[in-house]
Amino acid sequence: MATIGLTDRPIDKKTDEVLGISEYVDALAKFVSECQTPITISIQGDWGTGKTSMMNLIKENLEKEHKNVLSIWFNTWQFSQFNMQSHLSLSLLSYFIEALDTQNTSVAKTLGKLGKGFLRVATTLIAEKTLGEVNASALSGQENAIDIAREIVNLKKELESLVHSKLSKDGKERLVVFVDDLDRLQPEKAIELLEVMKLFLDVNKCIFLLAVDYNVVVQGIKKKYEGMDDAKGKSFFDKIIQLPFNLPVSQYRTDKYFSEMLKSGGIIYSENDLALYVRVASLSVGFNPRSMKRLFNSYQLLKMVAQTKKILEKDQIASLEEKHRILFCILCMQTGFDKLYRYIQKSGVEINDDLFSKFRNLRANIDLINPEDKKELDFKDETSINKVMKFFEALYEAIQLDSDKSENSNERLNENEIINFKSLLSFSSIIGNNDVAITNTSGNLAKYNIAANEIATAFNASYKEYFEKLNFQFLKTADDNAFYISGHIQIGAFAGSLVGAFRKDNSGVQFDDTSPTPSSYVNQGKYVVGNWFQKYLKSDFSNLQINNRRTYGYLILSENSHGEGASRLGEDQLILNFKNSFAKTLDILLPKLVQFRESKIEILNRINEFTDLVCASLKQDFLENEGWLVENGAKNLGVGSSILVGHKSWENGIQLQLWPASPGFTNLAFCVKRKSWGVKYDQVSEERIVKEFDSLYGQGCWVDGGCIRAKNLDKARFPVIGKFEENDSKFGFDTEEKKMDAIKEIVDAFKKAKNVLKPIIDSTKLA
């Protein structure tokens, strides 16, 4: 059974060590056992990075491997409670005396005689010694200050004698004093403690190991000694600390640590995802063991709640491992990017592929964010922008699901991936300091999950023959307010998602056009889908509605409002009615889709053969070992299909591109592509590209928001003749000679660009 809850208790045994620091521990322990004395060593690191664990392991190593060492452990945190911080230095010395287990009472008597004047004179002496200054005012008003100073000198001699006596009695050669939790003290009190240690305990055969955050020491020095510059502050630290050791956080075995944490937390994960878990955490929370434990504790609580609400169960959209992975990433965003997490949770923020694209390319898109949102998100500088970009790139990778079998599936998020992410995002808000609305709490989720799974499974079985021909499968998703059955269809330029939606107030079936970026080609893509439905299905769906939005369109095939009368039937009956209505829609639609696909198979196969030949020809001139990459994105023959050639030196994103100037490859154009739609580069470079492009390719060049310059290729035009949604479309190159002439023109266009445009593109910068 997995352990529930991770405590903040430091490790104290080498067998529990998973960070890969054993070699450092062994080396430090050996150094401590052999170094000259007296010496003070600092174990330095930020809050929660494992300073106490490191000292525990050193202590264990000394006790097992180095028998010449006697050790004492002093925890400043314990002695700083209950308003005892003003007596902390006296507490340290008293504890030190008691720990040496001596019957000699003269040392304790000397300490007692010092009284209230002790700290005042002691800290003045240490300041004089370390800083080369005398603060005479510290001695004024103290009648017996000279006597106290004399007693201080005597006390140090007695303490040194006490150490030697104890070591001789126990047969040891050196005393190691571990001082923990200095960074939990008020900074000036931490400095006071260091001063007293230096003055009294800097004696032969003594080694001090201090767990300390250097920033706390610096802060304490500046607060206690006003006006001290950085150089003197460093000098103060260097005279007290002879060996600073910084925890090797960057060298921690994060993969092993994460593996142990995931297993102990009962988190289901794939070994292939381990590196992604580590990357997401390092880009958000940072690798701090204490922060990691808080993160995993939050995750464990969410997982327990999720079990009762059936949120992390495997379904046809996402596997168990994928849901765990995405929820973990969302928690990392909540912890490391709280303002961004709150922003995405806000009502009115549409979560889609465009949103992810904006944050993955935030530097280029920063001006697209309105000033109020930019202020709310606190994008202060280049560093904060880069952090968001890197995190969103990792988050984008984590959200991708294996159930998305479409071409170029890793380059965009489909509807199911978005729905799955939104469901887990909403659920995550029960953890943390967030006032966002929680939507998955009504108790319908389990019921809707079961209903959606039953319908998707039944349809996948009963329509298996059609689905295999369409390379299609229904997946399901659910939240507290609705459930959805959906799948993606791709037949060349005909592309979209078939979605059945059951909501509390209505249900229906629609076909969502999934054309990519906003452009004139999207409208043509909508035309392919919309025109086919209008021509071949209008008579079957008398209420067919076509809604074309800017970024995607959808066609409503059936719609039913539950209404007050329908509510009397009960929700179970409404779900059954939805299933039956959905089935009737499929009975009409699927045979016609299969018929449409079969009529296009020859065209699709010949176009794919053509694009394969183009890429093979390009690779003869654009060699990978010279930095070039040829990508065939034309395989699905959709609206955004294209062949890209890019060079690794083109960091600004410009590429040479062959693309269809209309769906289904009915026309081909060559262009210099922008990084993303509408992005501008410096004016001088763009003007040079336009000038050289026109010189190379002649009349008929043109420009739009997606490219700097483009040209239809005359001999390569019209590989497909006819409208793709019609039955008269055919492969345009009716002879082998015409096909090879088209390929040659395409390759020549790219080669010209390589020779002439590359130097310009190499130097082009974002405006």
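As the structure is a computational prediction, the values presented were derived from the model and not from experiment.

(A) The arrangement of the pattern of salt bridges in detail. As enumerated under the stated definition, the model contains 20 salt bridges in all. The salt bridge involving lysine 30 is made with glutamate 34; its shortest N-O contact spans 3.1 Å. One end of the pair is lysine 30 and the other is glutamate 34, both in helix H1 (residues 22-34) and four residues apart, which spans about a single turn. Take glutamate 34: its relative accessible area is 53%, and that puts it in the exposed class. In this structure, lysine 64 and glutamate 60 form a salt bridge, with 3.1 Å as the shortest nitrogen-oxygen distance. With lysine 64 and glutamate 60 both in helix H2 (residues 51-65) and four residues apart, this pair spans about one turn of that helix. Assessed through its relative accessible area of 14%, glutamate 60 is described here as buried. The network of salt bridges with common partners includes Glu465, Lys469 and Glu598.

(B) How the structure looks around the side chain of asparagine 416. Tracing the backbone through its elements, the reader meets asparagine 416 in helix H20 (residues 415-428). Judged by its relative accessible area of 6%, asparagine 416 is buried. Non-local contacts of asparagine 416, meaning those with residues more than four positions away in its chain, are made with Ile317, Leu475 and Ser486.

(C) Geometry of the sheet that holds strand S5 (residues 243-246). Here five strands make up an open sheet; going across it, the order is S2-S3-S4-S1-S5 and the pairing parallel. Each of the sheet's edge strands pairs with one partner strand only, and the pair in question is strand S2 (69-75) and S5. In this sheet, adjacent strand axes meet at a mean angle of 20 degrees when their direction is disregarded. Inspection of the sheet shows strand S1 (residues 39-44) paired to strand S4 (residues 206-212) by six bridges, in the parallel sense. Its bridge partner being in S4, threonine 40 is matched across the sheet by phenylalanine 208. Sheet contacts for H2: S1, S2, strand S3 (174-180), S4 and S5; angle to S3, the most-contacted strand, approximately 160 degrees.

(D) Examining the environment of phenylalanine 582 more closely. Among the structural elements, phenylalanine 582 can be located in helix H25 (residues 571-618). The spatial distance from the C-alpha of phenylalanine 582 to the C-alpha of glycine 508 is 7.6 Å, given a sequence separation of 74 residues. Once residues within four sequence positions are removed from consideration, phenylalanine 582 is found in contact with Phe459, Phe474, Ile485, Val499, Gly500 and Val509.

(E) Structural context of the packing of helix H15 (residues 338-345) against H20. Two numbers describe how H15 lies on H20: the axes approach to 11 Å, and their chain directions differ by 115 degrees. Our pair here, H15 against H20, has a crossing hand that is left-handed. On H20, the residues that touch Tyr341, Ile344 and Gln345 of H15 are Leu425, Ser426 and Ser428. When the residues that make up the contact of H15 with H20 are grouped by side-chain class, the tally is three nonpolar, three polar and no charged.

(F) Representation of the packing of aromatic side chains in the model. The full count for this structure, using the stated rule, is 42 aromatic pairs. On the numbers, 6.3 Å between centres and 55 degrees between planes, the contact of tyrosine 24 with phenylalanine 245 is tilted. Here tyrosine 24, found in helix H1, pairs with phenylalanine 245, found in strand S5; they are 221 residues apart in sequence, far enough to count as distant. Classification of tyrosine 24 by relative accessible area gives partly exposed; the value is 28%. Its relative accessible area of 17% is what places phenylalanine 245 among the buried residues. Counting every residue linked through ring pairs, the aromatic cluster contains Tyr448, Phe459, Tyr463, Phe467, Phe472, Phe474, Phe483, Phe502, Phe578 and Phe582.

(G) Highlighting the nonpolar core. Counting residues in each nonpolar core, the largest one holds 87 residues, and the members touching the most others are Phe474, Phe483, Phe494 and Phe533. Sort the elements by how many residues they give to this core and H25 lands first, with 18 residues. Residues in contact with phenylalanine 494, not counting those within four places in the same chain, are Ile489, Phe511, Val528, Val529, Trp532, Phe533, Leu593, Phe596 and Phe724. By size, the runner-up hydrophobic cluster in this structure holds 65 residues, among which are Phe287, Cys332, Phe337 and Phe356.

Definitions and limits used
Residues numbered from 1 in each chain as written. Predicted model: local features only at pLDDT ≥ 70, side-chain atom pairs only at ≥ 80, totals over all residues. Heavy atoms only, no water. Salt bridge = Lys/Arg side-chain N within 4 Å of Asp/Glu carboxyl O. Helix = DSSP H or I, 4+ residues; strand = E, 2+ residues; numbered from the N terminus. Buried < 20%, exposed > 50% of the residue type's maximum accessible area, 1.4 Å probe, protein only. Contact = heavy atoms within 4.5 Å. Pairing = 2+ DSSP bridges. Axes fitted to C-alpha atoms, helices over the stretch in contact; angles between N-to-C directions. Left-handed = near helix turned anticlockwise from the far one by under 90°. Nonpolar A, V, L, I, M, F, W, Y, C, P; charged D, E, K, R; others polar. Phe/Tyr/Trp six-rings, centres within 6.5 Å; stacked < 30°, edge-to-face > 60°. Core = buried A, V, L, I, M, F, W, Y, C linked by side-chain atoms within 4.5 Å.

It is worth stressing that arrangement in space is one thing and function is another; only the former is reported here.
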